[in-house]
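# Per-entry structural report
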Amino acid sequence: MATLADVTEAIKSANAGASWITFDIVFADDATYRRVCRSGVVDRQLIGRLYRVDPGAVVVHECDAVRTIKATIPRRSASGGRDETDFDGVQQFAPLLTVDVGE
């Protein structure tokens, strides 16, 4: 079993405006990037389940030119809101690390 942490160059999260968080899953080589994209493992349903948001509100893009899968989700609380726990959204990537992508 290989995880996203095993096959990626970087996985990061960040604010995408006050109401959204975006995730970048960056691959070092084309073959691995293409294999993970073809597998379909990183999709709206996965992101929705991991982050407990409606999959219909999740946006996933494959960015071939930079070998990156980008996913964006709505925040539960606006950035800077009184119940916010991660103002910049940079600590939200961790659940993606253990996603199984097969061999």
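So, how was this worked out
- Residues numbered from 1 in each chain as written.
- Predicted model: local features only at pLDDT ≥ 70, side-chain atom pairs only at ≥ 80, totals over all residues.
- Heavy atoms only, no water.
- Helix = DSSP H or I, 4+ residues; strand = E, 2+ residues; numbered from the N terminus.
- Buried < 20%, exposed > 50% of the residue type's maximum accessible area, 1.4 Å probe, protein only.
- Pairing = 2+ DSSP bridges.
- Axes fitted to C-alpha atoms, helices over the stretch in contact; angles between N-to-C directions.
- Contact = heavy atoms within 4.5 Å.

### Focus on unusual backbone geometry
Phi is positive for R52, which is not a glycine, with a value near 50°. With respect to the helices and strands, R52 occurs in the loop between α3 (44-51) and β4 (59-63). R52 gets classed as exposed once you look at its relative accessible area, which sits at 70%. Located in the positive-phi region is R67, a residue other than glycine, with phi close to 45°. Looking at the secondary structure, you find R67 in the loop between β4 and β5 (68-74). The partly exposed category is assigned to R67, whose relative accessible area is 26%.

### Overview of the sheet that holds β5
If you trace the 4 strands from one edge of the open sheet to the other, you get β2-β3-β5-β4, paired in antiparallel fashion. Here the strands that pair on one side only, and so sit at the sheet edges, are β2 (10-15) and β4. Each strand axis lies, on average, 15° off the axis of its neighbour in the sheet, ignoring direction. Relative to strand β3 (residues 20-26), β2 runs antiparallel, the two being bridged by 6 bridges. When the sheet's bridge partners are listed, A14 is paired in β3 with T22. Lying on the sheet, helix α2 (residues 30-39) is in contact with β4 and β5; it crosses β5 at an angle near 45°.

### Some details on the environment of D30
Mapped onto the elements, D30 comes out in helix α2. In this structure the C-alpha to C-alpha distance between D30 and V66, which are 36 residues apart in sequence, comes to 9.3 Å.

### A closer look at α3
Those residues of α3 that fall on the buried side of the exposure criterion are L46, I47, G48 and Y51. As for α3, its buried residues are in contact with β3, β4 and β5. R52 sits one or two positions beyond α3 and adopts a positive phi of about 50°.

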